[in-house]
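Take a look at the letters that make up each chain.
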Amino acid sequence: MRLQEEHLALSSGMGLAGLAVSNFWDYSSEAFSVFKDEIIASVLKPTPMTAIHHYLYFFQDIEEELDKIYKNVDNLQWTYDFIVRTLDGVNMKTDFPEPDFEGCSDKYHSDCECKRIVEQLIEFVEENQDEIDKKIVHSAFQFVFQDRQFLHDFHLQLAGFIEENIGEIAEKYPDFVTPRGRIKRAYFPKWLTEAVFHRDKGTCSNPECRCDLSHLIRRINIKHIDHIVPLNLFGTNDASNFQLLCETCNTQKGDRSTMTGSVNTPWWNLD
Ligand SMILES: [Zn+2]
Ligand SMILES: [Zn+2]
């Protein structure tokens, strides 16, 4: 199936990604327990909604965010601008008129046309909050997924959570757990192998190796999709727990190492 192009709410997504990544060490356990069932269901085999998505949801609530701005910021135009930017980002069109904040005779906009328009917009956001949150989470994921080092840390934490709950997982999903109490190996769907290959730019993720696996020039290196945190160490088949390695590095890594690296190709170098 062909990959579809989409409008991505990159600015909102970047903000959410930053918030979620910088709060990871303080909030991951709480987020894992809040979204326990969803996370477990998403990590048994690769699915488009990953454990990272659920973790991002822990920080995303457009209704709450808007409510805070509306109640605490004594400037109606800020609320209006925030809504317009958010809706633009998620590509949602409305046909509400633009409020005339400057020309309004009510200096505090307490009972005027501007206020009515903003309130209608707030209502529109509330009605569409699930869709807006989903789009912002989807966009934030595009950033987080690029950071193999963060994915490594995330999946190492998640492994602790899986180990704690493996009995319960085995009871609920017996087909997905090995007799030794580990998540079973799963089949990699094509959308995932392609995403990992492109994210890692067709290059082995081992910072010591970085060999080319694109097969454009040489076809001698064999590409492998590797679990960043191995199943043996209570890693999972979550779609965000994979990286591209060459066959040699994958074989050397084995099932006890969580080796990854933050060596990447920048757009350009500074010096
Ligand atoms: Zn007004
Ligand atoms: Zn390699």
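Residues numbered from 1 in each chain as written. Chains lettered and ligands numbered in written order. Predicted model: local features only at pLDDT ≥ 70, side-chain atom pairs only at ≥ 80, totals over all residues.

Draft legend 1. Here's a closer look at the overall build of the protein. In terms of helices and strands, the protein carries 11 helices and two strands. The order of α-helices and β-strands along the protein, N terminus first, is α-α-α-α-α-α-α-α-α-α-β-β-α. By principal-axis analysis of the C-alpha atoms, the protein measures approximately 75 × 50 × 35 Å. Here the protein holds 271 residues, and 32% of them are scored as buried. In the protein, the proportion of contacts linking residues at least 24 apart, taken out of those at least 6 apart, comes to 71%. (Helix = DSSP H or I, 4+ residues; strand = E, 2+ residues; numbered from the N terminus. Buried ≥ 20, exposed ≤ 12 C-beta atoms within 10 Å, placed from the backbone. Contact = placed C-beta atoms within 7 Å.)

Draft legend 2. Looking closely at the domain arrangement of the protein. Looking at the protein, the domain boundaries give domain 1 (24-58 + 145-253) and domain 2 (62-138). Spacing between the C-alpha centres of domain 1 and domain 2 amounts to 38 Å. (Domains from an automatic or database assignment.)

Draft legend 3. Spotlight on the packing of helix H2 (residues 24-34) against helix H9 (residues 148-172). Contact geometry of H2 with H9 gives a least axis separation of 11 Å together with a crossing angle of 40 degrees. The angle between the axes of H2 and H9 places the two elements in the oblique class. Note that H2 runs across H9; the crossing there is right-handed. Residues Phe24, Ser28 and Phe32 of H2 form the contact with H9, whose own contacting residues are Asp153, Phe154, Gln157, Leu158 and Phe161. Here the residues of the contact of H2 with H9 are counted per class, giving five nonpolar, two polar and one charged. (Axes fitted to C-alpha atoms, helices over the stretch in contact; angles between N-to-C directions. Parallel < 35°, antiparallel > 145°, perpendicular 65-115°, else oblique. Left-handed = near helix turned anticlockwise from the far one by under 90°. Nonpolar A, V, L, I, M, F, W, Y, C, P; charged D, E, K, R; others polar.)

Draft legend 4. Fine view of the nonpolar core. Residues Leu16, Ala20, Ile52, Leu56, Ile136, Ala140 and Leu158 are the most contacted members of the largest nonpolar core, which totals 52 residues. Ranked by residues supplied to this core, first place goes to H9 with eight residues. For this core, the domains that each give at least three residues are domain 1 (24-58 + 145-253) and domain 2 (62-138). Ignoring sequence-local partners within four residues, the contact set of Leu56 consists of Leu16, Ala20, Val137, Ala140 and Phe141. (Core = buried A, V, L, I, M, F, W, Y, C linked by C-beta atoms within 7 Å.)

Draft legend 5. Just the pairing of strand S2 (residues 242-246), in detail. Counting buried positions along S2 gives five out of five residues, so the element sits mostly inside the fold. Burial along S2 is two-sided: Phe242, Leu244 and Cys246 facing one way and Gln243 and Leu245 facing the other are all buried. Judged from the five bridges that link them, strand S1 (residues 223-227) and S2 form a sheet pairing that is antiparallel. Counted as the bridge partner of Ile225 is Leu244 from S2. (Pairing = 2+ DSSP bridges.)

Draft legend 6. Representation of the packing of helix H1 (residues 10-22) against helix H8 (residues 129-144) within the structure. It is the contact of H1 with H8, at a shortest axis distance of 7 Å, that shows an interaxial angle of 65 degrees. Taken as a pair, H1 and H8 cross one another with a handedness that is right-handed. Seen from H1, the contacting residues are Leu10, Ser12, Gly13, Met14, Leu16, Ala17, Ala20 and Val21; seen from H8, they are Ile136, Ser139, Ala140, Gln142, Phe143 and Val144. Across the contact of H1 with H8, the residue classes break down as 10 nonpolar, four polar and no charged.

Draft legend 7. Here's a closer look at the environment of Leu231. Relative to the elements of secondary structure, Leu231 occurs in the loop between S1 and S2. Expressed as a C-alpha distance, the spacing of Leu231 and Ala159, which sit 72 residues apart in the sequence, is 8.8 Å. Setting aside chain neighbours within four positions, we find Leu231 in contact with Arg182, Ile183 and Arg185.

Draft legend 8. Region of interest: the environment of Ser214. Relative to the assigned elements, Ser214 resides in the loop between helix H10 (190-199) and S1. Looking at Ser214, the number of C-beta atoms within 10 Å reads 13, which means it is partly exposed. Between the alpha carbons of Ser214 and Phe197 there is a distance of 8.5 Å; along the sequence they are 17 residues apart.

Draft legend 9. Just unusual backbone geometry, in detail. Look at Asn91: it is not a glycine, yet its phi comes out positive at around 60 degrees. Residue placement: Asn91 occurs in the loop between helix H6 (76-89) and helix H7 (113-127). One non-glycine residue with positive phi stands out, namely Arg210, at about 55 degrees.

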